[in-house]
Amino acid sequence: MTSALDTFPVTQMPADGHYGPAGIHGVSVRVFDPPALALLAARRGGASALTVAAHATLGLALADAPRLARANGLGTIGAGPGRWLVLAEAPEDLTARLAPLAAHAAITEQTDGYVGFELSGVRTRDVLAKGVAVDLDPAAFPPGAAATTNVAHINVTFWREPGEERFVFLVARSYRVAFARFLIASGAEYGIAFAHRG
Amino acid sequence: MRIPCPYCGARDASEFAYLGDATLTRPDPAAPDADEAFHAYVYLRDNPAGAHSEWWYHSGGCRRWVKVARDTTSHAIAGAELAGGAR
Ligand SMILES: [Zn+2]
């Protein structure tokens, strides 16, 4: 038996389109390039000073926990103690905007380092159950909850967006094809709409 | 086996890399008995059946070292804390 993935080389992203039984649409995947992305890592012993400065200069609330927070066009995602990914909603010179924090944190430009996958639809958690070993029940993983973990042997950082069954994954760019193939192989039975946008 | 990372929460052991005994202290390389001390530090290990304190690196999660109190006979974990004391 062959699958749609057999027709694509493992070195290239699968084509946009619908995978699975015709007329069934359980999951939508939107692949996107982050408009701007940076990693903020507090200097040794400087996490509390960084938190104060980030709030005073940029209006950011940096919780030292795996959570998403948004303010002033920026999303911050806790990736480890004293470390946050900062994702801009629109293209901008993010490292310049974060520069006032340089006394308290190492700032590393990551815009081209990651690819985003936004998953939505009623069967999203059924797809993720095949690769995510984190409890995604809303009681345990509510909107704004985030995690860094391995999915199908691929390291990812992801979070749940507010609203119904919507998750965003950041995947290292060199692993994007493998992650896309995991999603399509796991989601085709539910009908998966796969598209590059934004 | 699931390890309760203080930052990430309970995660499968496959996300971690194992280092070993967390009670050892690296010897002073300038001490006169450094050769013997390093031999013992690197090669000589107890193999306790029961309570053990050990290092696990959360490579698939927060990228921090975690000191885990684990029972080697049951894998029951009594506690975990981040290296360096933070959190
Ligand atoms: Zn962790």
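Residues numbered from 1 in each chain as written. Chains lettered and ligands numbered in written order. Predicted model: local features only at pLDDT ≥ 70, side-chain atom pairs only at ≥ 80, totals over all residues. Heavy atoms only, no water.

Caption draft 1: Looking closely at the overall build of chain A. The number of helices and strands found in chain A is 4 helices and 12 strands. Compactness check: chain A gives a C-alpha radius of gyration of 18 Å against a globular reference of 16 Å for 198 residues, within 12% of the reference. Dimensions of chain A, computed from the C-alpha atoms along their principal axes, are close to 60 × 35 × 25 Å. Taken over 198 residues, chain A has a buried fraction of 47%. If you take every contact in chain A between residues at least 6 apart in sequence, the share linking residues at least 24 apart comes to 66%. Taken as a whole, chain A presents about 8900 Å² of accessible surface, with 55% of it coming from carbon and sulfur. With 16 positive and 17 negative side-chain charges, chain A shows a spacing of 3 Å between the two charge centroids. (Helix = DSSP H or I, 4+ residues; strand = E, 2+ residues; numbered from the N terminus. Rg over C-alpha atoms; globule rule 2.2 N^0.38 Å. Buried < 20%, exposed > 50% of the residue type's maximum accessible area, 1.4 Å probe, protein only. Contact = heavy atoms within 4.5 Å. Areas by Shrake-Rupley, 256 points an atom, 1.4 Å probe, with all protein chains shown as cover. Lys, Arg positive; Asp, Glu negative; His and termini not counted. Charge placed at Lys NZ, Arg CZ, Asp CG, Glu CD.)

Caption draft 2: Representation of the environment of A:His18 in the model. All names here are of chain A. Relative to the helices and strands, His 18 resides in strand S1 (residues 17-19). Residue His 18 is classed as partly exposed on the basis of its relative accessible area, which comes to 33%. Between the C-alpha atoms of His 18 and Leu 183, which are 165 residues apart in sequence, the distance is 12 Å. Contact partners of His 18, with chain neighbours within four places excluded, come to Ile 24, His 25, Gly 191 and Ile 192. Only 2.8 Å separates the side chain of His 18 from the backbone oxygen of Ile 24, close enough to count as a polar contact. (Polar contact = N/O pair within 3.5 Å; in protein donor to acceptor, adjacent residues only side chain to side chain.)

Caption draft 3: The arrangement of the domain arrangement of chain A in detail. Residues and elements named next belong to chain A. Here chain A is partitioned into domain 1 (12-33 + 113-197) and domain 2 (36-111). Just the C-alpha atoms count here: the centres of domain 1 and domain 2 sit 25 Å apart. Summed over both sides, the interface between domain 1 and domain 2 buries roughly 960 Å², with carbon and sulfur atoms accounting for 65% of that surface. On the domain 1 side of the contact with domain 2, Tyr 114, Ala 146 and Trp 159 bury the most area, a combined 42% of that side's loss. Here domain 1 and domain 2 share 1 salt bridge between them. In this structure, Glu 161 engages Arg 70 in a salt bridge whose closest nitrogen and oxygen atoms are separated by 2.5 Å. (Domains from an automatic or database assignment. Buried area = accessible area lost by both parts, 1.4 Å probe. Salt bridge = Lys/Arg side-chain N within 4 Å of Asp/Glu carboxyl O.)

Caption draft 4: Spotlight on the coordination of the zinc ion. Residue and element names in this part refer to chain B. Summarising the metal site, the zinc ion is bound by the protein donors Cys 5 (SG), Cys 8 (SG), His 58 (ND1) and Cys 62 (SG), whose distances to it range over 2.0 to 2.5 Å. Every donor counted, the 4 donor atoms about the zinc ion form angles of 102 to 120° at the centre, which fits tetrahedral coordination. Between consecutive donor residues of the zinc ion, the sequence gaps follow C-x2-C-x49-H-x3-C. With a gap of 57 residues between them, Cys 5 in strand S1 (residues 2-5) and Cys 62 in the loop between strand S4 (51-57) and strand S5 (65-71) connect regions that are remote in the sequence. Taken individually, Cys 5 and Cys 62 each receive the classification buried, so the pair is uniform in this respect. (Donors = N, O, S within 2.8 Å, 3.2 Å for Na, K, Ca; no water. Tetrahedral: all angles 85-135°; square planar, octahedral: opposite > 155°, others 65-115°.)

Caption draft 5: Geometry of the pattern of salt bridges. Applying the stated criterion to the full structure yields 12 salt bridges over all chains. A:Arg123 is the partner of A:Asp126 in a salt bridge, and the nearest nitrogen-oxygen pair spans 2.6 Å. Of the charged contacts, one joins B:Arg70 and B:Glu54 as a salt bridge, the two residues approaching to 2.4 Å between their closest N and O atoms. Separated by 16 residues along the polypeptide, B:Arg70 in strand S5 and B:Glu54 in strand S4 bring together distant segments of the chain. Assessed through its relative accessible area of 0%, B:Glu54 is described here as buried. A single network of salt bridges, built from pairs that share partners, joins A:Arg30, A:Glu118 and A:Arg166.

Caption draft 6: Quick look at empty space enclosed by the protein. Within the structure shown, the criterion is met by 1 cavity of 30 Å³ or more. One number sums up the size of the largest cavity: a volume of about 40 Å³. In this structure, the largest cavity is lined by A:Pro66, A:Gly78, A:Ala79, A:Gly80, A:Ala146, A:Ala147, A:Thr148, B:Tyr7, B:Cys8, B:Arg11 and B:Cys62. In terms of residue class, the lining of the largest cavity is made up of 7 nonpolar, 3 polar and 1 charged. Viewed by domain, the lining of the largest cavity spans two of them, domain 1 (12-33 + 113-197) and domain 2 (36-111) of chain A, each represented by three or more residues. (1 Å grid on protein atoms, 1.4 Å probe; cavity = no way out; pocket = protein on both sides within 12 Å on 5 of 7 lines; lining within 4 Å. Points joined across faces, edges and corners; volume = space filled by probe spheres on them. Nonpolar A, V, L, I, M, F, W, Y, C, P; charged D, E, K, R; others polar.)

Caption draft 7: Local environment of a nonpolar patch on the surface. Residue and element names in this part refer to chain B. Nonpolar side chains collect at one region of the surface, where Val 42, Tyr 43 and Leu 44 lie side by side and expose about 340 Å² of accessible area between them. You can see Leu 44 is positioned in the loop between helix H1 (34-43) and S4. Classification of Leu 44 as exposed rests on a relative accessible area of 51%. (Patch = residues over 30% accessible without salt bridge, like charges linked within 9 Å, V, L, I, M, F, W, Y side chains within 5 Å.)

Caption draft 8: Inspection of the confidence of the model for chain B at higher detail. This prediction gives chain B a mean pLDDT of 94; 97% of its residues lie at or above 70. ipTM for the predicted complex: 0.93, alongside a pTM of 0.94. (pLDDT = per-residue confidence, 0-100.)

Caption draft 9: Summary view of the packing of aromatic side chains. For the structure shown, the criterion picks out 12 aromatic pairs over all chains. Consider the rings of B:Tyr57 and B:Trp65, whose centres lie 5.1 Å apart with planes at 45°: the pair is tilted. Among the residues examined, B:Trp65 registers a relative accessible area of 34% and is labelled partly exposed. Here the aromatic cluster, defined as three or more aromatic residues joined through ring pairs, consists of A:Phe117, A:Phe141, A:Phe158, A:Phe167, A:Phe169, A:Phe179 and A:Phe182. (Phe/Tyr/Trp six-rings, centres within 6.5 Å; stacked < 30°, edge-to-face > 60°.)

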